Amino acid sequence: MLRLMPHQNDAVEFSLNRRGSLNASEQGTGKSGALIWTTLTWLSMNPSWSKVLVICPSSLRYNWLSEFKMWIASFPIAMDHLSMAMVEKSSNFPETNIVVCSYDMIHRDGVTEHIHGQAWDVVLIDEVQMIRNMGSIRSKHILGDIKTLRKTISTDKKDEIAELLTQGWKITSENKSSTKLAKDDVKAPPIRAKRKIAASGTPIVNKAADIFPVLKWLAPQVWGNWYQFAMRYCDGKRGFNGSVEAKGASNLDELNYRLTKGPDALMFRILKRDVLKDLPDKMHKIISLPAPEKVAPLLDQEKKLWRLKNELEQELKEARERAKAGDQEHYRERAATMSAEIMGALGQLAMIRKKLGESKAPLAIEHIKATLDAGEPKIIVFGNHRNVLSSIA
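The notes below deal with the structure included here. Just so it is clear, the structure is predicted and the values come from calculations on it, not from any experiment.

### Concerning the overall build of the chain
A tally of helices and strands in the chain yields 13 helices and 12 strands. Computed over the C-alpha atoms, the radius of gyration of the chain is 28 Å, more than 25% above the 21 Å expected from 2.2 N^0.38 for a compact globule of 393 residues. Along the first, second and third principal axes, the C-alpha atoms of the chain reach 115 × 50 × 45 Å. Contacts spanning at least 24 positions in sequence make up 66% of the contacts within the chain whose residues lie at least 6 apart. Carbon and sulfur atoms provide 51% of the accessible area of the chain, an area that totals close to 22,200 Å². In the chain, 58 side chains carry a positive charge and 46 a negative one; their mean positions are 4 Å apart.

### Examining the sheet that holds strand S12 (residues 267-268)
Two strands in a sheet stick together by hydrogen bonds in their backbones, pointing the same way (parallel) or opposite ways (antiparallel). The 7 strands are arranged S3-S4-S2-S5-S9-S1-S12 in an open sheet whose pairing can be described as parallel. Where the open sheet ends on each side, the last strands, each with one partner, are strand S3 (84-86) and S12. As defined by bridge partners, S3 adjoins strand S4 (residues 98-102) across 3 bridges and the pair is classed as parallel. Bridge pairing links Met86 to Val100 in S4.

### What about unusual backbone geometry?
Of note, Glu127 is a non-glycine position whose phi angle comes to about 50°, a positive value. Note that Glu127 resides in the loop between strand S5 (120-125) and helix H5 (137-143). Assessed through its relative accessible area of 11%, Glu127 is described here as buried.

### Focus on the pattern of salt bridges
Within the structure shown, the criterion is met by 8 salt bridges. One salt bridge connects Arg232 with Glu254, and the closest N-O pair in it is separated by 2.5 Å. Taken together, the residues Arg232 in helix H9 (residues 226-233) and Glu254 in helix H10 (residues 252-260) connect sequence positions 22 residues apart. The class of Arg232 is partly exposed, set by a relative accessible area of 38%.

### A look at the side chain of Arg61
By secondary structure assignment, the location of Arg61 is in helix H3 (residues 61-74). Although buried, Arg61 forms no salt bridge, and the nearest oppositely charged side chain, Glu88, lies 5.8 Å from it. Reaching out from Arg61, the side chain makes a polar contact with the backbone oxygen of Ser58 at a distance of 3.2 Å. In this structure the side chain of Arg61 is engaged in a polar contact, spanning 3.3 Å, whose partner is the backbone oxygen of Val87.

### Considerations on the environment of Lys317
In this fold, Lys317 is placed in helix H11 (residues 296-323). Of the residues examined, Lys317 reaches a relative accessible area of 46% and is grouped as partly exposed.

### As for the packing of helix H1 (residues 6-16) against helix H2 (residues 31-45)
At a minimum axis separation of 9 Å, H1 and H2 run at an interaxial angle of 45°. Between H1 and H2, the crossing angle belongs to the class labelled oblique. The two elements H1 and H2 cross, and the hand of that crossing is right-handed. Contacts from Gln8, Ala11, Val12, Ser15 and Leu16 in H1 reach Gly33, Ala34, Trp37, Thr38, Thr41 and Trp42 in H2. Within the contact of H1 with H2, the residues separate by chemical class into 6 nonpolar, 5 polar and no charged.

Basis of the calculations
Residues numbered from 1 in each chain as written. Predicted model: local features only at pLDDT ≥ 70, side-chain atom pairs only at ≥ 80, totals over all residues. Heavy atoms only, no water. Helix = DSSP H or I, 4+ residues; strand = E, 2+ residues; numbered from the N terminus. Rg over C-alpha atoms; globule rule 2.2 N^0.38 Å. Contact = heavy atoms within 4.5 Å. Areas by Shrake-Rupley, 256 points an atom, 1.4 Å probe, with all protein chains shown as cover. Lys, Arg positive; Asp, Glu negative; His and termini not counted. Charge placed at Lys NZ, Arg CZ, Asp CG, Glu CD. Pairing = 2+ DSSP bridges. Buried < 20%, exposed > 50% of the residue type's maximum accessible area, 1.4 Å probe, protein only. Salt bridge = Lys/Arg side-chain N within 4 Å of Asp/Glu carboxyl O. Polar contact = N/O pair within 3.5 Å; in protein donor to acceptor, adjacent residues only side chain to side chain. Axes fitted to C-alpha atoms, helices over the stretch in contact; angles between N-to-C directions. Parallel < 35°, antiparallel > 145°, perpendicular 65-115°, else oblique. Left-handed = near helix turned anticlockwise from the far one by under 90°. Nonpolar A, V, L, I, M, F, W, Y, C, P; charged D, E, K, R; others polar.

This is the structure we're talking about:
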């Protein structure tokens, strides 16, 4: 039975009262447990809510499913009716209560239609620093890809202006000589949700501008203006054609206050050193990495070989028992044959597992990078195959 630690309870209480929140606690403080408990509490408080979307790195999809199952089993209100699955193929979107989708899948045809085609009750985004680049494909499919088109027309061209107004254009300013109009060109809408919750141990990776995309997603009515944010908190400089250069930082104490303590606070952050007394001495977690689709035949072959090996070992054990009754000659012949077959199966298994390791190396690299980005200074990596370790190194 899992139980929340005191600081996790604080994180849950913080998020429950907000439509959008960011848990920016350091890695190893139990962010995922707090986020899942918050999600389950929302669902229990609103019986009509049943749709949850989790977006995370590919390497953590299995882990999120496993975490949900463990916390559901520990939740005081029965939640075992919730079905869950992860998006594995763009042609087969799961019709479950909880859907886990990787950043790499959200923009694919067959997936994006489902994600944007419904209003989710809760959307949870893990390692949200991965959308810090607003121009990336993944960011556009989460935040929305909306560009403002602008036109300036001579004020005396009444008919042309009237036609534009019927097409959704709006007048932003006008004088005797010219009329300025604007229109939003929506190429991809933002993901809609009644409640939004995000997690990142390092929401600011390199510069203050890194945190703006998640703030815009969580609370667009407060943090929706990029120009104002850049000029105030990124030491912004006016660039060419109305652009803003935002590579620096400014007024960070004010930004921190607004994020954590102000009337519109939406960020909860705990440092590991502040809660060491509540943390176990060691934490063990198995994170299963899903094998790519292309190696599915290898997985089937691995299962067959493993089954064959077990059957041969069982047959050898039974032959040994019969030999005790006096059938020594037959046992020696059969034992030699079966031992050779077992060694052959083990050799094939070793080759298959080497190929599977190679196929999972990119996911391992992704997970290692995400862990380092989240603030872990060092990671020790062990492995069975040199070529896999070489690709990671």
